[in-house]
Amino acid sequence: MRVRLTEIGFRGKTSVEADKEMHNPTTDIEQMIQELNEIQLPGSLMESFDAYREDILRSATREFTSSQLNWYLDLLNRFRGPDDRKDSLLDVFDPEMYTVNHPAWDSPPGTRIQMPALTSEVARLADRNSEFADLAREEIRVFYKLAESFADEEVLGLARIAQAALVDQKTTFHGRRDAIRYLALNASALLEDLWAEDDTLWLRAPARQIEFEDMLAKRQTNLRLSETSLPVFEDKDFTCYAEDEIRAFAFDIRKLLLAGRARHLAICPRCQRRLEYWTGLVERFEQATALPDATADA
Ligand SMILES: [Zn+2]
């Protein structure tokens, strides 16, 4: 569900500021999407974990320039190959990729999650003569070669970024070799394919027990303080819509705006999903009841 942010008074820009941004609509939209992501309240345990992941990755990348981060992403994409490119460092090191049918997608937001072992940990348990071990050795060799032009501290810097994105609270790196092994194993598209074929090894490795910050509380506090260009959120903006409200909005979206409750939609993935569901039903209903010649008149 895409929300027209300007309609709900989300950014609170003056028309002069808005005009200045007009000449670069793409950047404007990207920035809007990013701002929206940063204020979304987690609707499930997995979304809490994801919000935390984004926050600590943002802190971990603060010391790097955007061109340094682009070189890193380029290095990782060359390593992964043209068919497995990713758009961001957050997507390359994504522990959620390995969570098919994880209960956290349907659990309420929280601060503790069990995640599958990282591929770099799985490697310690794999038999030396297994297909996994062969692939792992080859991937480390390839990464080693690709990273030749990167200084030791640059490789270690990237390893720390990977660690943040993976929410890995345990690993410490003892030099370049260590960091390269970690990066190669956790960014490998070939090992991801192997996991997709047969995840026995990953399931056998001890799961990670992760405790993290209460992101629901953190985001709510930020919205109340409104340090950004956002308007301050009030109590009513945090309340989920009632079932009959959702239905009414699905039939006529203007009701949402007139009721002064639109801000909640911007921050609540749960209500976004509910409205999306009802809008879909209404659309199908309208298509089913439309007269066959109705479109001819339009
Ligand atoms: Zn809601």
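Everything here concerns the structure above.
Residues numbered from 1 in each chain as written. Predicted model: local features only at pLDDT ≥ 70, side-chain atom pairs only at ≥ 80, totals over all residues.

Participant: Before we go on, may I ask you to explain the environment of Pro42 in this structure?
Facilitator: Positionally, Pro42 belongs in the loop between α2 (25-39) and α3 (45-61). With near-sequence residues (within four places) excluded, Pro42 lies in contact with Glu47, Ser48, Ala51, Pro109, Met215 and Leu216. (Helix = DSSP H or I, 4+ residues; strand = E, 2+ residues; numbered from the N terminus. Contact = placed C-beta atoms within 7 Å.)

Participant: What is the right way to look at unusual backbone geometry in this model?
Facilitator: The backbone phi angle of Val167 is positive, close to 50°, even though this residue is not glycine. Within the secondary structure, Val167 is located in the loop between α8 (152-165) and α9 (176-187).

Participant: Would you mind showing me how to read α3 here?
Facilitator: One full turn of an α-helix is made of 3.6 residues, so residues set three or four places apart face in the same direction. Taking 1.5 Å of rise per residue, 17 residues should cover 24 Å, and α3 covers 24 Å from first to last C-alpha, within 8% of that figure. Elements in contact with the buried residues of α3: α4 (66-80), α5 (89-92), β1 (112-115), α8 and α12 (215-225). (Expected span 1.5 Å × (residues − 1).)

Participant: What am I meant to see in the nonpolar core here?
Facilitator: Across soluble globular proteins, nonpolar side chains have a tendency to be buried as a group. Among the nonpolar cores identified, the biggest contains 46 residues, and Ala159, Ile161, Ala162, Ala165 and Leu183 are the most heavily contacted of them. In terms of residue count, the dominant contributor to this core is α8 (eight residues). What Ala159 contacts, discounting residues up to four positions off in sequence, is Phe173, Ala179, Tyr182 and Leu183. The next biggest cluster of nonpolar side chains, apart from the first, holds 14 residues, and it includes Ala250, Leu256, Leu265 and Cys268. (Core = buried A, V, L, I, M, F, W, Y, C linked by C-beta atoms within 7 Å. Buried ≥ 20, exposed ≤ 12 C-beta atoms within 10 Å, placed from the backbone.)

Participant: How should the environment of Glu138 be read in this particular structure?
Facilitator: Along the chain, the position of Glu138 falls in helix α7 (residues 131-146). The sequence separation of Glu138 and Ala184 amounts to 46 residues, and the corresponding C-alpha distance is 9.5 Å.

Participant: Quick question: what am I supposed to make of the packing of α7 against helix α10 (residues 189-197) here?
Facilitator: In helix packing, the relevant descriptors are the interaxial angle and the interaxial distance, both defined with respect to the helix axes. Here α7 crosses α10 at 165°, and the two axes come no closer than 9 Å. When the axes of α7 and α10 are compared, the pair comes out roughly antiparallel. When the axes of α7 and α10 are compared, the crossing they make is left-handed. Seen from α7, the contacting residues are Glu131, Phe132, Leu135, Ala136 and Glu139; seen from α10, they are Leu190, Leu191 and Leu194. Here the contact of α7 with α10 is composed, by residue class, of six nonpolar, no polar and two charged. (Axes fitted to C-alpha atoms, helices over the stretch in contact; angles between N-to-C directions. Parallel < 35°, antiparallel > 145°, perpendicular 65-115°, else oblique. Left-handed = near helix turned anticlockwise from the far one by under 90°. Nonpolar A, V, L, I, M, F, W, Y, C, P; charged D, E, K, R; others polar.)

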